[in-house]
Amino acid sequence: MSGDRPSPLVIERILRDRESIWQQIVAERDLNVLTGRMLTSSAIALACYGAVLGFFHSPLMALTSALKLPLLFLVTLAICLPTLYLFNLVFGARLSVRQSLALVMVAITVTSMLAVAFAPISLFFLITANDYGFFKLLNVAILTLSALVGLRFLTSGMQVLNDHGLLAPETATAKVEQASAPAPVQAVPAAVPVGATPAAAPVAGPSSGPAGAAVAEPTPNGAVATAPAQVPTQPAGASYPPGMLPPGYVAQRPWNSPPVRRGEPTQRPASMTLLYIWILLFGFVGTQLAWTLRPFFGDPGQDFAFFRSIDGNFYAEILRTIANL
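Residues numbered from 1 in each chain as written. Predicted model: local features only at pLDDT ≥ 70, side-chain atom pairs only at ≥ 80, totals over all residues. Heavy atoms only, no water.

*Asks:* How should the nonpolar core be read in this particular structure?
*Replies:* One broad rule of soluble globular proteins: the nonpolar side chains tend to lie buried together. Judged by nonpolar contacts, the single largest core of 54 residues is most densely connected at Ile25, Leu154 and Trp278. When residues of this core are traced back to their parent elements, those giving at least two are helix 1 (10-16), helix 2 (18-27), helix 3 (31-54), helix 4 (59-90), helix 5 (97-117), helix 6 (119-128), helix 7 (132-163) and helix 9 (270-293). With residues up to four places along the chain from it excluded, the contact list for Ile25 reads Leu31, Leu34, Gln99, Ala102, Leu103, Val106 and Leu161. (Core = buried A, V, L, I, M, F, W, Y, C linked by side-chain atoms within 4.5 Å. Buried < 20%, exposed > 50% of the residue type's maximum accessible area, 1.4 Å probe, protein only. Helix = DSSP H or I, 4+ residues; strand = E, 2+ residues; numbered from the N terminus. Contact = heavy atoms within 4.5 Å.)

*Asks:* Help me understand unusual backbone geometry, please; the structure alone is not making it clear to me.
*Replies:* Outside of glycine, negative phi angles account for most residues, and trans bonds account for most peptide bonds. The omega angle of the peptide bond from Arg294 to Pro295 is 10°, so this bond is cis rather than trans. For Pro295, the position within the fold is in the loop between helix 9 and helix 10 (314-324). Here Glu28, not a glycine, exhibits a phi torsion of approximately 55°, which is positive. Examined against the element boundaries, Glu28 turns out to sit in the loop between helix 2 and helix 3. At Asp30, a position not held by glycine, the phi torsion is positive, near 55°. Note on placement: Asp30 falls in the loop between helix 2 and helix 3.

*Asks:* Can you walk me through the pattern of salt bridges in this structure?
*Replies:* Pairing is possible between side chains of opposite charge, provided their charged atoms come close. By the definition in use, this model includes 4 salt bridges. Between Lys136 and Glu317 there is a salt bridge; the shortest N-O distance is 2.8 Å. Of the two residues, Lys136 sits in helix 7 while Glu317 sits in helix 10, which places them 181 residues apart along the sequence. Judged by its relative accessible area of 7%, Lys136 falls in the buried class. Where Glu317 meets Arg320, a salt bridge forms, and the shortest distance between an N and an O atom there is 2.5 Å. (Salt bridge = Lys/Arg side-chain N within 4 Å of Asp/Glu carboxyl O.)

*Asks:* Help me understand the side chain of Thr111 in this model?
*Replies:* Structurally, Thr111 can be placed in helix 5. Taking the relative accessible area as the measure of exposure, Thr111 reaches 6% and is therefore buried. If we ignore the near neighbours within four places in the chain, the residues touching Thr111 are Phe73, Ser146, Ala147 and Gly150.

What follows is the structure, given as structure tokens:
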């Protein structure tokens, strides 16, 4: 399927025809529609998965978790997106805000759809193994795995944008294009001794030096006349013995060989390196916000509460839960 006729399910298009998604983001074509579809799909999927998490405690907790889980991802995106955009601007990338938002929404959409695909498994263990600690660790592992796959899509999309020159500075791109462009060939007269007629001018031979360099020729009175050398062409009707090349022959690159891009950067752009730093930042902000918005599961030994008091941290709670198991 093509980008002009998208699938009714945006996640199906992302998974089946991701190249058209990257091309659409590069061209900034209908990004508002694409981002809106991904936002809607992600919110619905995360709400369904949040309801499964909250059912461990009560139907009321299921309702609040269905509201808080999409809020968790969207607020984390709102906090971290300006940092990603400014990182790109500082290092010369040419991404717009809409392109940055669309890229991150691809990752969130994949994460949310994978999470809701695991919802039947989570529900199965909720029914058959009603253990709070195990259920909590199981779903944290599911969300972590889904987020890693989603972030893998984010790095793939950024790599495609880098291949299109959107992550490199404009000056570097201009140098690459200038270096890869073929230089026009101009006919330059060869060196002619002073006082000699054009017919007596010798053909530039092995002593003529490289193409475009000045060639020195002695004159009868001892003076030296210099002129730019010419890369000679074979005269009409001239022939050379087998295995012998005409004087001054310069080998040409085959027409179908890839162009030599002199000056092309071989190292990873700074924007790609900062992307991995931003991913770590996104993870830390998301986990801390999840701890602030808790409960999502609801401890069966406590009454229902929309929020808990802020104490401890997410990582200490996970280690404590593992120890209790």
